[in-house]
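Here are the chains, one letter per residue:
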Amino acid sequence: MSDATSGSLPFRAMEATERDLVAFRDAFEANGFPRPLEQLRWQYLDHPGERLLVDFAVDPRDDGERVAGIYAALPFLMDAGGEARVGGQALDVLTDSGYRGRGLFTGLARSLYARCGESGLALIYGFPNANTANGYWTRLDWTRLDPVPFLIKPLRSRYVLQRIPGVRALAGLLPDLPLPRPAAPRLPAGWQLRPVAAFDDRFDGLWAAFARTVGIAVRRDRRYLAWRYGSKPLEDYRTQGLFQGERLLGFVTYCVKPKHGGMVGYLMELIPHPDFAEAGEILARAAVRDVASRGADVILAWNFEHSPTHAAHRGAGFFPFPEWARPIELHFGALALDPAVRPLVTERRSWYISYSDSDTV
């Protein structure tokens, strides 16, 4: 253990043990943020990054050791300007209610960033909430890349009306009607939409082609996809692939969850092959129609205006979700640990993100 900042509690790296995993869970649960142990195990011990980037602040006077603060990140292989780099996504940040005001957030973050830099990570990025965002901009020197690019496609009338000032009081008195959904996609001869049960090497080739059209993104290859969508516990994702014979032209992954006072669909990922311009809209339309058939009130996506899939989202009926109507406040930012990637990391138009990058869906 080492005292990372003057006057602070000692910090230590979390170990890949059941004991430390339970300590992580218990710290969040004690502060009103319950997290299933199996989800934490998937997220931190079974992830494809093969290293554990979590620092604890500990109080050794309390029953041997009490976790007083946590700063956690996940390492991912990323494509940045055509090169493979390793980046970290800042995820779980906590200061126990009994230890606030001691600078643990800043101290833990700087301690972890130093460890990340020593192990070759090029950058840290993330989506801080309303409570922590200002600390990232003012104390940790992150570049603010706001806003998070929320898109929305309403599917039923009441859910939308309940969120419009001056109308919400009447929403319960009006019938809950299905809203227009995109027409069924028309497939060129020889193309097929099929469910995807497993991610194979065709997904590596698809991502390699798609990655050439973006500046910086987590590498969405088969290993990442198998972890993110094939093995995450307590979730029910669906993936549809677009095929020409056995050639993969693109895929879309989505889900429906009871959240934010309704049934919410999430378009998690949309990756078409860049040589087949119509593939993206075909896949997006198929996802919206399936989500609507499952009783969803709305479907959401994260997608920048500069993204190569933006036209596909708009063609399927998505439009920007006004910030005043969003159910949660999120921000987007990043910090370059390696000066060589700073021009990419600090430029919003370089980034490709989707709901795959969210840790809450």
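Since the structure is predicted, the reported quantities are computational estimates derived from the model, not experimental observations. (Residues numbered from 1 in each chain as written. Predicted model: local features only at pLDDT ≥ 70, side-chain atom pairs only at ≥ 80, totals over all residues. Heavy atoms only, no water.)

**Student:** Just to check I follow, could you spell out the environment of Pro75 for this structure?
**Tutor:** Note that Pro75 resides in strand β3 (residues 66-80). Note on Pro75: relative accessible area 1%, which makes it buried. Spatially, the C-alpha atoms of Pro75 and Arg212 are 22 Å apart, while their sequence positions differ by 137 residues. For Pro75, the residues in contact, after removing those within four places along its chain, are His47, Gly49, Arg51, Leu53, Val86, Gly87 and Gly88. (Helix = DSSP H or I, 4+ residues; strand = E, 2+ residues; numbered from the N terminus. Buried < 20%, exposed > 50% of the residue type's maximum accessible area, 1.4 Å probe, protein only. Contact = heavy atoms within 4.5 Å.)

**Student:** I would appreciate a short explanation of the pattern of salt bridges in the present structure.
**Tutor:** Between side chains of opposite charge, pairing is possible as soon as their charged atoms come close. Applying the stated criterion across every chain yields a total of 25 salt bridges. The network of salt bridges with common partners includes Arg12, Arg19, Asp20 and Glu65. (Salt bridge = Lys/Arg side-chain N within 4 Å of Asp/Glu carboxyl O.)

**Student:** Looking at this structure, I do not really get unusual backbone geometry. What am I missing?
**Tutor:** Most peptide bonds adopt trans geometry, and most residues besides glycine take a negative phi value. Pro147 follows Asp146 through a cis peptide bond whose omega is -5°. Among the secondary structure elements, Pro147 is positioned in the loop between β6 (143-144) and β7 (150-154). The phi torsion at Leu234 lies on the positive side, around 65°, for a residue other than glycine. With respect to the helices, strands and loops of the structure, Leu234 is situated in the loop between α8 (222-230) and β10 (238-244). Residue His260 is not a glycine yet carries a positive backbone phi of 55°.

**Student:** What is the right way to look at the nonpolar core in this model?
**Tutor:** What tends to happen in soluble globular proteins is that the nonpolar side chains get buried as a cluster. Membership of the largest hydrophobic core comes to 71 residues, with the highest contact counts inside it found for Phe24, Tyr44, Val54, Ile70, Tyr125, Phe332 and Trp351. Among the elements that take part in this core, β3 stands out by supplying seven residues, more than any other. Val54 has contacts with Arg12, Ala13, Met14, Phe24, Tyr44, Ile70, Tyr71, Ala72, Leu112 and Arg115, leaving out every residue within four places of it along the chain. (Core = buried A, V, L, I, M, F, W, Y, C linked by side-chain atoms within 4.5 Å.)

**Student:** Help me out: how do you make sense of the sheet that holds β10 in this one?
**Tutor:** The pairing of strands in a sheet happens through backbone hydrogen bonds and is either parallel or antiparallel. What the seven strands build is an open sheet, ordered β8-β10-β11-β12-β13-β7-β14; its pairing is mixed. Lying at the two open borders of the sheet, with one neighbouring strand each, are β8 (191-195) and β14 (319-320). The sheet contact formed by β7 and β14 spans two bridges and is antiparallel. Of the residues in β14, the one forming a bridge with Ile152 is Phe319. (Pairing = 2+ DSSP bridges.)

**Student:** Would you mind going over a nonpolar patch on the surface with me for this structure?
**Tutor:** A contiguous nonpolar patch, built from Leu170, Leu173 and Leu174 and spanning about 310 Å² of accessible area, is present on the exposed surface. Here Leu174 lies in the loop between α6 (168-171) and β8. (Patch = residues over 30% accessible without salt bridge, like charges linked within 9 Å, V, L, I, M, F, W, Y side chains within 5 Å. Areas by Shrake-Rupley, 256 points an atom, 1.4 Å probe, with all protein chains shown as cover.)

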